[in-house]
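In case you want the letters, here they are:
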Amino acid sequence: MTKSCATHQGPERDPGRGAALALQGGGAHGAFTWGVLDRLLEEGLEVHAICGVSSGALIGVMLAQGRVLDGRDGARAAMRRLWQRFARAHAMSPLQNAPLERWLWGWDLSNSVVWRGLEATMRLFSPAQLNAFPWAALWPFGHHPLRALLNDLIEPELLADPSAPRLFVSTTDVETGEAVLFENAAITVDVLLASSCLPFVFPAVEIDGRAYWDGGYSGNPPLRPLLAALRTQAPPRELVLVRAQPARRPGVPRTPLEITNRLNEIACHNVLQAELDALPDDVALTSYDADDALLDLPISSKFNGEEEFLSLLFNAGRAAVAAQGPRRPSGHSETAAARASPLGIPPDMRIATS
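Worth saying up front: this structure is predicted, and the values here are computed from it rather than measured. (Residues numbered from 1 in each chain as written. Predicted model: local features only at pLDDT ≥ 70, side-chain atom pairs only at ≥ 80, totals over all residues. Heavy atoms only, no water.)

### Some points on the pairing of strand 2 (residues 47-52)
The two faces of a sheet get side chains in turn, since along a regular strand they alternate between them. The condition that has to hold: Partly exposed describes any residue whose relative accessible area lies between the buried limit of under 20% and the exposed limit of over 50%, with all areas from a 1.4 Å probe on protein chains only and scaled to the type maximum. Going along the chain from the N terminus, every DSSP run of H or I of four or more residues is numbered as a helix, and every run of E of two or more is numbered as a strand. Think of it this way: DSSP has to see at least two bridges between two strands before they count as a pair. Crossovers are described as right-handed under a simple rule: with the strands pointing away from the observer, the path leading from the first strand over the helix to the second runs clockwise.
Counting buried positions over the 6 residues of strand 2 gives 6, a clear majority of the element. Strand direction decides the pairing type here: strand 1 (residues 19-23) and strand 2, joined by 5 bridges, are parallel. Across the sheet, Ala 20 pairs through a bridge with Ala 49, a residue of strand 2. Between the parallel elements strand 1 and strand 2, the chain passes through helix 1 (residues 30-42) in a crossover that is right-handed. Bridge count between strand 2 and strand 3 (residues 166-173): 4 bridges; the pairing is parallel. Along strand 3, the bridge assignment pairs Cys 51 with Phe 168.

### As for the packing of helix 1 against helix 12 (residues 307-324)
Selection criterion: Geometry is summarised by axes, namely lines fitted to C-alpha atoms with helices restricted to the contacting stretch, and by angles between N-to-C directions that run from 0 to 180 degrees. Convention used here: angles under 35 degrees read as roughly parallel, angles over 145 as roughly antiparallel, angles from 65 to 115 as roughly perpendicular, and any remaining angle as oblique. Crossings are assigned a handedness: left-handed for a near helix turned anticlockwise from the far helix by less than a right angle, right-handed for a clockwise turn. Residue contacts are defined here by distance: any two heavy atoms, one from each residue, within 4.5 Å place the two residues in contact. All amino acids are sorted into three groups, where Ala, Val, Leu, Ile, Met, Phe, Trp, Tyr, Cys and Pro are nonpolar, Asp, Glu, Lys and Arg are charged, and the leftover types, Gly among them, are polar.
It is the contact of helix 1 with helix 12, at a shortest axis distance of 6 Å, that shows an interaxial angle of 45°. By the criterion of interaxial angle, the relationship of helix 1 to helix 12 is oblique. Here helix 1 runs over helix 12; the crossing is right-handed. Contacts between helix 1 and helix 12 pair Ala 31, Phe 32, Trp 34, Gly 35, Val 36, Asp 38, Arg 39, Leu 40 and Glu 42 from the former with Leu 310, Leu 313, Phe 314, Ala 316, Gly 317, Arg 318, Ala 320, Val 321 and Ala 322 from the latter. Classifying every residue of the contact of helix 1 with helix 12 by side-chain character gives 12 nonpolar, 2 polar and 4 charged.

### A look at the nonpolar core
Here is the rule: Definition used in this section: a nonpolar core is a set of buried Ala, Val, Leu, Ile, Met, Phe, Trp, Tyr and Cys residues joined via side-chain atoms within 4.5 Å.
Ranked by size, the top nonpolar core spans 62 residues in total, and within it Leu 21, Leu 37, Leu 63 and Leu 192 carry the most contacts. Per-element accounting of this core gives the leading share, 13 residues, to helix 2 (residues 55-90). With near-sequence residues (within four places) excluded, Leu 63 lies in contact with Leu 21, Leu 37, Leu 41, Val 47, Ile 50, Ala 75 and Met 79. Grouped together as the second largest cluster of nonpolar side chains are 17 residues, Ala 49, Ala 229, Leu 239 and Leu 285 included.

### Points about unusual backbone geometry
For the bond from Asn 220 to Pro 221, the omega torsion is -10°, close enough to zero to count as cis. Summarising the element assignment, Pro 221 is placed in the loop between strand 6 (210-214) and helix 9 (224-230). In this model, Ser 54 sits at a positive phi of 55°, which is unusual for a non-glycine residue. Tracing the chain through its elements places Ser 54 in the loop between strand 2 and helix 2. In this model, Asp 208 sits at a positive phi of 50°, which is unusual for a non-glycine residue. Residue placement: Asp 208 occurs in the loop between strand 5 (205-207) and strand 6.

### Some words on the pairing of strand 3
A large share of strand 3 lies buried, amounting to 7 of its 8 residues. In this structure, strand 3 lies alongside strand 4 (residues 179-183), joined through 5 bridges in antiparallel fashion. Across the sheet, residue Thr 172 finds its bridge partner in strand 4, namely Ala 179. Counting the residues between successive antiparallel strands, the hairpin from strand 3 to strand 4 contains 5 residues, one of them, Gly 177, with a positive phi of roughly 75°. Note: strand 3 against strand 6, 3 bridges, orientation antiparallel. For Asp 173, the partnering residue across the bridge sits in strand 6 and is Tyr 212.

### Structural notes on the packing of aromatic side chains
Operational definition: Here a Phe, Tyr or Trp ring, Trp counted by its six-membered ring, pairs with any other such ring whose centre lies within 6.5 Å, and the pair is stacked when the planes are under 30 degrees apart, edge-to-face when over 60, and tilted otherwise. Criterion for a charge above a ring: Lys NZ or Arg CZ within 6 Å of the ring centre, and within 35 degrees of the ring normal.
Enumeration over the complete set of coordinates arrives at 4 aromatic pairs. Between the aromatic rings of Trp 83 and Phe 86, the centroid separation amounts to 5.7 Å while the plane-to-plane angle is 85°, which identifies the pairing as edge-to-face. Note that Trp 83 and Phe 86 are positioned in helix 2 at a spacing of 3 residues, about one turn of the helix. Looking at Trp 83, the relative accessible area reads 6%, which means it is buried. Seen from their ring centres, Phe 182 and Tyr 212 are 5.8 Å apart, and the 80° between their planes marks the pair as edge-to-face. Of this pair, Phe 182 sits in strand 4 while Tyr 212 sits in strand 6, and the two are 30 residues apart along the sequence. Residues Phe 182 and Tyr 212 agree in their burial class; the two are buried. Site record: aromatic cluster; members linked through ring pairs are Trp 34, Trp 83, Phe 86 and Phe 314. When the ring centre of Phe 314 is taken as origin, the NZ or CZ atom of Arg 80, which lies over that ring, is 5.3 Å away.

### Notes on the pattern of salt bridges
Counted only if it meets this: Any Lys or Arg side-chain nitrogen found within 4 Å of a carboxyl oxygen on Asp or Glu counts as a salt bridge.
Applying the stated criterion across every chain yields a total of 13 salt bridges. The residue Arg 147 makes a salt bridge to Asp 190 at a minimum N-O spacing of 2.9 Å. Here Asp 190 lies in helix 8 (residues 189-195) and Arg 147 lies in helix 6 (residues 147-153), a separation of 43 residues in the sequence. A residue is classified by how much of its surface remains accessible, and Arg 147, at 30% relative accessible area, is partly exposed. The network of salt bridges with shared partners includes Asp 38, Glu 42, Arg 76 and Arg 318.

### Focus: helix 1
What counts here: Working rule for helices: expected span equals 1.5 Å times residues minus one.
For helix 1, spanning 13 residues, the distance from its first C-alpha to its last is 18 Å, which sits close to the expected 18 Å at 1.5 Å a residue. Every buried residue of helix 1 is accounted for by Gly 30, Ala 31, Phe 32, Thr 33, Trp 34, Gly 35, Val 36, Leu 37, Asp 38, Leu 40 and Leu 41.

### Here we look at the confidence of the model for the chain
Here is the rule we go by: pLDDT is a per-residue confidence score from the predictor, ranging from 0 to 100.
Of all residues in the chain, 71% attain a pLDDT of 70 or more, and the chain-wide mean is 79. The spread of mean pLDDT over the elements of the chain runs between helix 5 (residues 127-131), the lowest at 58, and helix 1, the highest at 97. The low-confidence segment residues 1-15, where pLDDT is below 50, has 40 contacts with residues more than four positions distant or belonging to other chains. pLDDT under 50 marks residues 138-142. Its contacts with residues more than four places away, or in other chains, come to 18 contacts.

Next up, the structure:
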């Protein structure tokens, strides 16, 4: 794949110390990532740089904003505020199980009448066609329902603050298929919506005349900008990866959405694994995987914003940190992939900074 590089210089940032965070997307499953980071920050994690996709990007933005305001405690509070607002917004959505449906199917929304109707509709119409109808704002996936929530939460002046961690939000250019990264001062609500744009659910997000889809298709998340940021540090250099998508899933998907979801998981995993296989020897990797927490959850649960469900995933993330034990920033983690020769950082990704 041929990629171009368009870089605009942002404010100077203190190289500092701390880990680089790679945060995968996964919709509501990102609450697992929230739990992991909450526990790590509680234990004293210092953050130097963040690259996130979809819900991982939202979490990274809130962490960065909160850290500017009040250090690690502020970061934890800001992430909690994001998920509390998400749960309150979901409480007004028709896409949730009634009491009887919850008793029968737990957190699986795929048997609800509303989900079945949406699934049938998405087989017949594209998101762009659905959003062209006058009643589009009334259906659960119409006109980017996260926009109002993000407008209230995102504070660009905090992201552009020189004390903020270096932050990358990854998107995918629809026409070229390349990863396009937006850095601190260039991050807007539209950028976050683009990074979270599942093409079979939402219309592509247009920014400066270019159309973008979910960043997971071109890197979930890309590691090279983090490795470039870590190069400013003396060893040990630490990369913390939080996987909010299962790499392995038993059984064969049956419905069109289940098939599409599994194809997305495989594609995203393979892109990431290629980068992990080429990590430099002087980068220590610690990986927190959500496979145990997510293995039995269907695609519909990615759209489940019920507070109790989010709390279960949050607690699972905190438990994953406790179970894995202390990080090893001075050496290779047992969860690290096999290393190859040091990975170069060629200018083959477009990075927008302002």
